[in-house]
Amino acid sequence: MRVGIYARVSDDQQKEQQTIESQLAELRQFAAENNFPLEEQHIYVDDGHSGYSLDRPALDRLRDAARDGLIDLLLVHDPDRFSRKYAYQVLLLEEFQRWGVEVRFLKHPPGDTPEQKLLVQIQGVIAEYERARIMERTRRGRLFWARQGRPVIANVPFGYRYLRRNHNDPPSIEVAPAEAEVVRQIFRRHVEDRWSSRQVALELTALRVPTPTQKASYWDPSSVRVILQSEAYLGTWFLNRYRRIDPDSGRSRSYIAEKPREEWIPIPVPPLIDAQVFAQAQEILRQRQQGPVSSFRSLRHPETHLLRRLVVCASCGYKMIAMNSNAGRGHRYYWCRGPDPRRIKNDSSRCPHPTVMAQRLDDLVWSDVVSLLTDPELLLAAWQEQHGSGTLRFQEVIEAETRQLKKQLADGQQQRERLLIAYEQGAIQLDELVSRRKSLDERARELQHRLQCLEKEADDRVALYTLGENVDAVCRTLATGLETMSMPQKMKLCSQLIERVVVDHHTAEIHYRFPVSTNCNLRRERGRVLMPHAELLRQLSGQTRRAIC
């Protein structure tokens, strides 16, 4: 007989108290007393895993071994080591029974009688009730001590350390000097130097500063934003701030939501950041979340990059970030995130062209936008492609088809009336009337749909004719307005017209949000290929224009 044993403890405190060793000792002793052979590979231990979940590594290996027929008998200390939830206990016991594995609990005599099965079930229900009671008592106790101003959890914000209770002093929170200096440096970079969260994260990663979790090898921008938004650094840390929401019909899993502010419990902590600096940091974060144009206005050099958040690297596929050298007084670049050390895997290399000159690319794309908006033929072609494929038919053809469809609809109405008369005179039965009326109704709906399409085509032709008569005046008006646009207006226009600009060393593909199709010729000047209007080399999917940079 092949025997396996399973043991579990739910938290680090139980591990420190060596309850896992006591379980294993009793299980080994029971196996030895009954002459059960026990192999080390069939000892399954889950250290620090909750009994309220089945997602446990050792339990998964045990279930796999039972499924594959590697064990015949399983020894467990008591049912709540399997799970503290009765439904999970039943699931596991039925699963092992289906695979032919006998389960014995040391705290429960073996047997398969209904009374013994009922006892196991009752023990599972009691264990589940006990866990719920402990959790509720713990929650209430924490709330009580938190309202007395005592910290009750050790998971304090970055920059502080939790001091456990001793015989003379209650638990408290004090400043961690090294982490506190990192917090101050993050605020200085963000407020004084106007660095983004990502730039700060890259610097901290390069300096090998330990992360808040002490697990990751790099700083994530989201961790920097959490620090910038934490009110604890003003001197007040709030407990009872969040609650877990169970999944409903619209969600597949539980999630964390914020409670009303009046329910928060303040815990005083030593302040690390001045209130004015914190307010400036929140204002910068708020402005940078309002879109490419609004967020740029809050920076020191707002009118810089025309294509911010639109440029994509052709090699890496990442969006390129707008950057200034020498604090905006030097060259302007679009920088690819491919060289970011966090994004380079063991089997990948750095991006071959991490930067693109912004001035050259901005001029190229803006000239192409101007050429699009001031080209009468292109405007007409783009409008026609957007409202229908191919060339619109002559008005006479549309009117002839419309008359034909209306005649067919009238004939169908007459057929329905004749059917009703035939039924009243007894010439046809009710079943035949219903069947033939149904086919006539379907035919009428099809004809009505075709008629609506013809009416829309006629309206589009009238609109195209009207646009063609006034397109020259429209283009002249657009040209005048484009010349007087400010940089924020140009940025907003480009974000509305352009989906992305894919660049590499030599070409730029402009992906517009509307269909474009035109052909221009290249011209040479001073030995270099220039593109005064971002001439098209070839049409890509009807919405892409490729230009040489």
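How each quantity is defined
Residues numbered from 1 in each chain as written. Predicted model: local features only at pLDDT ≥ 70, side-chain atom pairs only at ≥ 80, totals over all residues. Heavy atoms only, no water. Helix = DSSP H or I, 4+ residues; strand = E, 2+ residues; numbered from the N terminus. Buried < 20%, exposed > 50% of the residue type's maximum accessible area, 1.4 Å probe, protein only. Polar contact = N/O pair within 3.5 Å; in protein donor to acceptor, adjacent residues only side chain to side chain. Contact = heavy atoms within 4.5 Å. Pairing = 2+ DSSP bridges. Axes fitted to C-alpha atoms, helices over the stretch in contact; angles between N-to-C directions. Phe/Tyr/Trp six-rings, centres within 6.5 Å; stacked < 30°, edge-to-face > 60°. Lys NZ or Arg CZ within 6 Å of the ring centre and 35° of its normal. Core = buried A, V, L, I, M, F, W, Y, C linked by side-chain atoms within 4.5 Å. Parallel < 35°, antiparallel > 145°, perpendicular 65-115°, else oblique. Nonpolar A, V, L, I, M, F, W, Y, C, P; charged D, E, K, R; others polar.

A. Expanded view of the side chain of arginine 63. Relative to the helices and strands, arginine 63 resides in helix H3 (residues 57-67). With a relative accessible area of 18%, arginine 63 lands in the buried category. At a separation of 2.8 Å, a polar atom in the side chain of arginine 63 contacts the side chain of glutamate 95. When near neighbours in sequence (up to four residues on either side) are disregarded, arginine 63 contacts Leu54, Leu91, Leu92, Glu95, Phe96 and Trp99.

B. Quick peek at the sheet that holds strand E14 (residues 355-357). Strand order in the open sheet made by the three strands is E12-E13-E14, with antiparallel pairing throughout. Lying at the two open borders of the sheet, with one neighbouring strand each, are strand E12 (321-324) and E14. Each strand axis lies, on average, 35° off the axis of its neighbour in the sheet, ignoring direction. Against the sheet, helix H12 (residues 358-373) makes contact with strand E13 (332-335) and E14, and its axis sits at roughly 85° relative to E13, the strand it touches most.

C. Quick look at the packing of aromatic side chains. Scanning the model with the defined rule gives nine aromatic pairs in all. For the ring pair phenylalanine 158 and tryptophan 219, a centre distance of 5.7 Å and an interplane angle of 80° mean the geometry is edge-to-face. Linking phenylalanine 158 in the loop between helix H6 (114-147) and strand E5 (160-163) with tryptophan 219 in the loop between helix H8 (197-206) and helix H9 (221-229), this pair joins segments that are 61 residues apart in sequence. Both residues of the pair, phenylalanine 158 and tryptophan 219, belong to the buried class. Every member of this aromatic cluster is reached through a ring pair, and the members are Tyr6, Phe82, Phe96 and Phe105. The positively charged end of arginine 98 is found above the aromatic ring belonging to tryptophan 99, 5.6 Å away from the centroid. Over the face of the ring belonging to tryptophan 195 we find arginine 189, whose NZ or CZ atom lies 4.2 Å from the ring centre.

D. Broad picture of the nonpolar core. Ranked by internal contacts, the top residues of the largest apolar core, which has 32 residues, are Ile186, Phe187, Trp219, Ile227, Tyr233 and Trp237. Listing elements by their share of this core, those giving two or more residues are H6, helix H7 (177-191), H8, H9, strand E7 (236-239), strand E10 (265-268) and helix H10 (275-288). Counting 30 residues, the second largest nonpolar core, distinct from the first, contains Met320, Val356, Met491 and Leu497.

E. Inspection of unusual backbone geometry at higher detail. Positive phi values are uncommon outside glycine, yet arginine 194 reaches one of about 60°. The phi dihedral of arginine 309 falls on the positive side, at around 70°, and the residue is not glycine. Tracing the sequence through the fold places arginine 309 in the loop between helix H11 (292-297) and strand E11 (311-313).

F. Spatial organisation of the packing of H12 against helix H16 (residues 487-497). Where H12 contacts H16, the two axes come as close as 12 Å, and the packing angle between them is 70°. Judged by the inter-axis angle, H12 sits roughly perpendicular to H16. Between H12, through Trp366, Val369 and Leu373, and H16, the contact on the second element is made entirely by Lys490, Leu493, Cys494 and Leu497. Residue classes in the contact of H12 with H16 are distributed as six nonpolar, no polar and one charged.

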